[in-house]
Amino acid sequence: MENRNTATGFTGTKKWLLVLGTLFITIASQAANYGNNLALPFKLAQLQLDNLYSLYATLPGMGMMISLPLVGTLSTKFGQKRVALGGIVLHWIVRLVTGLSGNTVLFTLSWLLMGIASGLYISAVYVIMAVVVTPAERPKFYGYIATASAVGTLIGPVLTGWVIDTVSPTAGLTIFGVFAIVPLVLLGILLPNQKGASKSFDFAGLGLLLTFITCMLLWLNMRGVFFPTVSILGIGLPVLGIAALALMIKVELKVLNPSVPVRMFSKKRFRATFVVNLLMVAYSTSIAAYAVRYVTMLMGGSSTLASTITLPQTIVQAVLGMFVGVIIGRHFKKRFRSMALLALASFMISLLILSTLTPTSSIVLIYVATAIGGIGQALTQSLFTPFFQSELKPEEYAAAQGMYTFSGTGGGTIFGSVCGLCLNLGFSFNQVFLLGAGFLSAALILAVFTFRFTKEELAKG
């Protein structure tokens, strides 16, 4: 007979089936995310919106920025299981509508909604895994998440690229659903739906968050293209956005059940990890959006060839993910800092290599760069969450993970918007990669001063 306790996790076959279902959430989400960048150029060409690639590339991230801070509140009200699985189903439906859409307005709205749906389940992996396994096992199983992420990155783009080339962009957008069947079945049957105490929903916080995100993204993406910097919109949008952010923080600090859990920033490890992650995603954004475009636009490669650039990263990530969690987990506190700095350095080196590309460069050079980046991917997915969880209570995990994932999505959206602005000003892809390396250098410097355990904690092991 199996017993379950949130402090000790599950046992036996049920535990491993739940682990499998949780890992397949990662595979499905990675396959979907990388598939976006392969399908988007085809849809924009169909709708004659090619010049707005940078804007549309940021819309799913904008959607996730809206839903991710709400995950903690929604999970408390409806249960983590219902929120996560509902997000998966909604994501597939929206992607189907997006693929079939031939109307610009409907396509834009559904492309944004796609990100909102994705945000409902993308952060659930670490939260569910924290319940399924014991605290001592978490670094090891978080390493397995890194491997699952690598599998999704490996299979997703290749499968999507092949489906786009042989079937259609619509089929490419929806093919990720084959991976989502596993978590829908296993978690749907085996995972209890745990709720918190019922509380009223904070609509004021949500409205202010939407105002802030909308104003800043419109300003970053459209300034200098649709309206001049010195104009009513050019000045008014950032002012309104900053005012909404300040008011949101003030309001959310007073609300008992805030939509945006800003109190989490009082935790110094979470605060440091949040900012480092916000800067760090310049790497993944550069690879997923701009390295792919470099291959197809400047090197003349096909969608299938472009989809292979993440293969070396994925292989390294998959192999390391199987072992890094086990190795680090044995002496996590002592090994965390050096491994985290190594991860950030590997991202920076990768982008510096990409900044040297020319249209006649060998694809092997990109493979080398992404292989180095794979080291960072494996390490960060095993390290960062256990680090900030070390100062949290279990009931805070969902809100913290949602906000942590929000930092990555927000960072990617901001970086993508800045890159779009730079490209509109005449910058090259090489300079975009160099800009990403600058973001990573800032993350590395911050981590040097903030990623550490106390002497007392290190002495205890």
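Keep in mind that what you see is a predicted model, and the values were worked out from it rather than measured.

Help me understand the overall build of the protein chain, please; the structure alone is not making it clear to me.
Tallying secondary structure elements over the protein chain gives 20 helices and 0 strands in all. In terms of C-alpha radius of gyration, the protein chain reaches 21 Å, essentially the compact-globule figure of 23 Å for 461 residues. Looking at the protein chain as a whole, 57% of its 461 residues are labelled buried. When contacts within the protein chain are restricted to residue pairs at least 6 apart in sequence, long-range pairs at least 24 apart make up 82% of them. Taken as a whole, the protein chain presents about 18300 Å² of accessible surface, with 71% of it coming from carbon and sulfur.

What exactly am I supposed to notice about the packing of aromatic side chains here?
Two numbers describe a pair of aromatic rings. These are the distance of the centres and the angle of the planes. The full count for this structure, using the stated rule, is 24 aromatic pairs. A ring pair is formed by Tyr-294 and Phe-429, whose centres lie 6.1 Å apart and whose planes are at 70 degrees; its orientation type is edge-to-face. Here Tyr-294, found in helix H13 (residues 282-298), pairs with Phe-429, found in helix H19 (residues 429-450); they are 135 residues apart in sequence, far enough to count as distant. With a relative accessible area of 1%, Tyr-294 lands in the buried category. Centre to centre, the rings of Phe-336 and Phe-387 are 4.3 Å apart; their planes meet at 15 degrees, and the pair counts as stacked.

Is there a simple way to explain the packing of helix H3 (residues 71-78) against helix H4 (residues 80-100) in this structure?
The packing of two helices is summarised by the inter-axis angle and the distance between the axes. Where H3 meets H4, the closest approach of the two axes is 6 Å, and the angle between their N-to-C directions is 115 degrees. Facing Leu-74, Ser-75 and Phe-78 of H3, the residues of H4 in contact are Gln-80, Arg-82 and Val-83. Its residues placed into classes, the contact of H3 with H4 shows 3 nonpolar, 2 polar and 1 charged.

Can you help me understand the nonpolar core in this one?
Proteins that are soluble and globular tend to have nonpolar side chains buried together. Ranked by internal contacts, the top residues of the largest apolar core, which has 128 residues, are Tyr-56, Ile-213, Phe-336, Phe-384, Leu-440 and Phe-451. Leave out the neighbours within four places in its chain, and Leu-440 touches Leu-279, Met-280, Ala-282, Tyr-283, Leu-344, Phe-347, Met-348 and Leu-351.

Could you clarify how one ought to interpret the packing of helix H16 (residues 332-354) against helix H17 (residues 363-389) in this entry?
For the pair H16 and H17, the least separation of the axes is 8 Å and the interaxial angle reads 150 degrees. Comparing their axes, H17 and H16 come out roughly antiparallel. Once H16 is placed against H17, the crossing between them reads as left-handed. Here the residues of the contact of H16 with H17 are counted per class, giving 20 nonpolar, 8 polar and no charged.

Would you mind showing me how to read the pattern of salt bridges here?
For side chains of opposite charge, pairing can occur when their charged atoms come near one another. Overall, the coordinates contain 2 salt bridges when judged by the stated rule. Glu-137 is the partner of Lys-15 in a salt bridge, and the nearest nitrogen-oxygen pair spans 2.8 Å. Of this pair, Lys-15 sits in helix H1 (residues 12-46) while Glu-137 sits in the loop between helix H6 (124-132) and helix H7 (138-166), and the two are 122 residues apart along the sequence. The exposure classification of Lys-15 matches that of Glu-137, with both residues buried. Between Lys-267 and Glu-396 there is a salt bridge, with its nearest N and O atoms 3.9 Å apart. Of this pair, Lys-267 sits in the loop between helix H11 (232-252) and helix H12 (268-280) while Glu-396 sits in the loop between H17 and helix H18 (397-424); the two residues are 129 residues apart in sequence, bridging distant segments of the chain. The exposure class assigned to Lys-267 is partly exposed, which follows from its relative accessible area of 22%.

Looking at this model, I keep getting lost on helix H9 (residues 177-190). Mind explaining?
Think of an α-helix as turning once every 3.6 residues; residues three or four places apart then point the same way. In a regular helix each residue adds 1.5 Å, so 14 residues correspond to 20 Å; H9 covers 20 Å between its end C-alpha atoms and thus fits that length. Within the sequence span of H9, burial applies to Gly-177, Phe-179, Ala-180, Pro-183, Leu-186 and Leu-187. Summarising the contacts, the buried residues of H9 are in contact with H1, H4, H6, H7 and helix H8 (169-174).

The rules behind these values
- Residues numbered from 1 in each chain as written.
- Predicted model: local features only at pLDDT ≥ 70, side-chain atom pairs only at ≥ 80, totals over all residues.
- Heavy atoms only, no water.
- Helix = DSSP H or I, 4+ residues; strand = E, 2+ residues; numbered from the N terminus.
- Rg over C-alpha atoms; globule rule 2.2 N^0.38 Å.
- Buried < 20%, exposed > 50% of the residue type's maximum accessible area, 1.4 Å probe, protein only.
- Contact = heavy atoms within 4.5 Å.
- Areas by Shrake-Rupley, 256 points an atom, 1.4 Å probe, with all protein chains shown as cover.
- Phe/Tyr/Trp six-rings, centres within 6.5 Å; stacked < 30°, edge-to-face > 60°.
- Axes fitted to C-alpha atoms, helices over the stretch in contact; angles between N-to-C directions.
- Nonpolar A, V, L, I, M, F, W, Y, C, P; charged D, E, K, R; others polar.
- Core = buried A, V, L, I, M, F, W, Y, C linked by side-chain atoms within 4.5 Å.
- Parallel < 35°, antiparallel > 145°, perpendicular 65-115°, else oblique.
- Left-handed = near helix turned anticlockwise from the far one by under 90°.
- Salt bridge = Lys/Arg side-chain N within 4 Å of Asp/Glu carboxyl O.
- Expected span 1.5 Å × (residues − 1).

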